[in-house]
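The residues making up each chain are set out below.
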Amino acid sequence: MTVFPDQLRPTGIEQITLLSGPTISLPKASCVFEVWTGPVPKSSYGHKAVLDWRDEPVFAELAILRIFKSENWDGRWIDSYGRKYRVGYWKDDTVVPLPEAQDKYLDRIRNAAGQKGGCFDVFCWRDGDVVFAEAKRKGKDRIRGSQRRWVEAALHLGVAADQLLIVEWIIA
């Protein structure tokens, strides 16, 4: 059983109907983030909400990554649109490749899904355990078909449902 960071401890479940028909239950955490009130960054990646994580401007995906890292996980924001693995956004050293083992692990899931996209936003690992977390702004986002296909492939390859975390977030 996956031990999540305290701030991301699941408080509910999200029912996901897979493309093949069955419905599964994924753990769901709820998060409240503060809006960034500092100088406005030059780019907001297509108008993403800029949040405040300990006096640092971040997107929700990066806030989730920061929470995992604060409890000794390693990980990346899987920027599917930019096709990059990120640990930040506005600085030069924010694109960081995956370690070889994690890259192969993710590629196996992508190959099984038959698509490049659909992966959950944040991929974290620690001591042989992995978690994929998907950031969903409450009332604005939902699981897409490509994500259902990716989840089904991940489950087929042995990723446990409790390693797939939905993080529903709001701005305080």
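Everything below is about the structure printed above this text.
These notes cover the structure that comes with them. (Residues numbered from 1 in each chain as written. Predicted model: local features only at pLDDT ≥ 70, side-chain atom pairs only at ≥ 80, totals over all residues. Heavy atoms only, no water.)

**Describing the overall build of the chain**
Selection rule: In this text, helices come from DSSP runs of H or I with a minimum length of four residues, and strands from runs of E with a minimum of two, each type numbered from the N-terminal end. Only the C-alpha atoms count toward the radius of gyration. The rule for a globule is 2.2 Å times the residue count to the power 0.38. For each residue, the accessible area found with a 1.4 Å probe, counting protein chains only, is set against the maximum for its type, and the residue is called buried under 20%, exposed over 50%, and partly exposed in between.
Check the secondary structure of the chain and you find 3 helices and 9 strands. The order of α-helices and β-strands along the chain, N terminus first, is β-β-β-β-α-β-β-α-β-β-α-β. Computed over its C-alpha atoms, the radius of gyration of the chain comes to 15 Å, within 12% of the 16 Å expected for a compact globule of 172 residues. C-alpha extents for the chain along the principal axes are approximately 45 × 35 × 30 Å. Of all 172 residues assigned to the chain, the portion counted as buried reaches 45%.

**Observations regarding the layout of surface pockets**
What counts here: Two kinds of site are reported from a 1 Å grid over the protein atoms alone, namely cavities, where a 1.4 Å probe fits but cannot get out, and pockets, open sets with protein on both sides within 12 Å along at least five of seven lines, and residues are called lining when an atom falls within 4 Å of a point. Grid points are joined across faces, edges and corners, and a volume is the space filled by probe spheres set on the points.
Here the largest pocket defines a volume of roughly 460 Å³. Lining the largest pocket are 23 residues, and of these Lys48, Glu61, Asp121, Ala135 and Asp141 lie nearest its centre. The set of elements that each furnish at least two residues to the lining of the largest pocket consists of α1 (60-69), β5 (74-79) and β8 (129-137). Among the elements that make up the lining of the largest pocket, the one with the highest residue count is β8 (4 residues). Considered as a void within the structure, the second largest pocket measures approximately 180 Å³ in volume.

**Focus on the environment of tyrosine 105**
Where we set the bar: Note on definitions: a residue-residue contact is assigned when non-hydrogen atoms from the two residues lie within 4.5 Å.
Along the chain, tyrosine 105 turns up in helix α2 (residues 100-113). Sequence-wise, tyrosine 105 and glutamate 71 are 34 residues apart; in three dimensions their C-alpha atoms are separated by 22 Å. Those residues in contact with tyrosine 105 that lie beyond four places of it in its chain are Phe123, Val130, Phe132 and Val159.

**Quick look at the packing of aromatic side chains**
Spelled out, the test is: Each Phe, Tyr or Trp ring (for Trp, its six-membered ring) is paired with any other whose centre lies within 6.5 Å, and the angle between the two planes then decides the class: stacked below 30 degrees, edge-to-face above 60, tilted in between. Criterion for a charge above a ring: Lys NZ or Arg CZ within 6 Å of the ring centre, and within 35 degrees of the ring normal.
What the rule picks out here adds up to 16 aromatic pairs. Aromatic side chains tyrosine 45 and phenylalanine 59 sit 6.2 Å apart centroid to centroid with 55° between the ring planes, which places their arrangement in the tilted category. One end of the pair, tyrosine 45, is in the loop between β2 (23-35) and β3 (51-53); the other, phenylalanine 59, is in the loop between β4 (56-58) and α1, with 14 residues separating them in the sequence. Given a relative accessible area of 0%, phenylalanine 59 falls into the buried group. Considering the side-chain rings of phenylalanine 123 and phenylalanine 132, the 4.4 Å spacing of their centres and the 10° angle between planes classify their relative orientation as stacked. Phenylalanine 132 shares its class with phenylalanine 123; the two are buried. Taken together, the ring pairs connect Tyr105, Phe120, Phe123, Trp125, Phe132 and Trp150 into an aromatic cluster. Above the face of the phenylalanine 59 ring, lysine 48 is positioned so that its terminal group lies 5.8 Å from the ring centre.

**A closer look at the packing of α2 against helix α3 (residues 145-156)**
Just so we agree on the cut-off: Axis definition: a line fitted to C-alpha atoms, limited for helices to the stretch in contact. Angles are taken between N-to-C directions and run from 0 to 180 degrees. Handedness of a crossing is defined here by the sense of rotation of the near helix relative to the far one, left-handed for an anticlockwise turn of less than a right angle and right-handed for a clockwise turn. Residues are grouped as follows: Ala, Val, Leu, Ile, Met, Phe, Trp, Tyr, Cys and Pro are nonpolar; Asp, Glu, Lys and Arg are charged; every other residue, Gly included, is polar.
Taken N-terminus to C-terminus, the directions of α2 and α3 make an angle of 115°; their axes are 8 Å apart at the nearest point. The two elements α2 and α3 cross, and the hand of that crossing is right-handed. Here α2 contributes Leu106, Ile109, Ala112 and Ala113 to the contact with α3, which in turn contributes Arg149, Trp150, Ala153 and Ala154. Grouping the amino acids of the contact of α2 with α3 by side-chain chemistry returns 7 nonpolar, no polar and 1 charged.

**Overview of the pattern of salt bridges**
Selection criterion: Any carboxyl oxygen of Asp or Glu within 4 Å of a side-chain nitrogen of Lys or Arg constitutes a salt bridge here.
Counting across every chain of the model gives 11 salt bridges. Salt-bridge contacts for aspartate 74 lead to arginine 76; the nearest nitrogen and oxygen are separated by 3.3 Å. Arginine 76 sits in the buried class, given a relative accessible area of 7%. Taken together, the shared-partner salt bridges connect Glu14, Lys28 and Glu168 into one network.

Just geometry here; none of it tells us what the structure is for.
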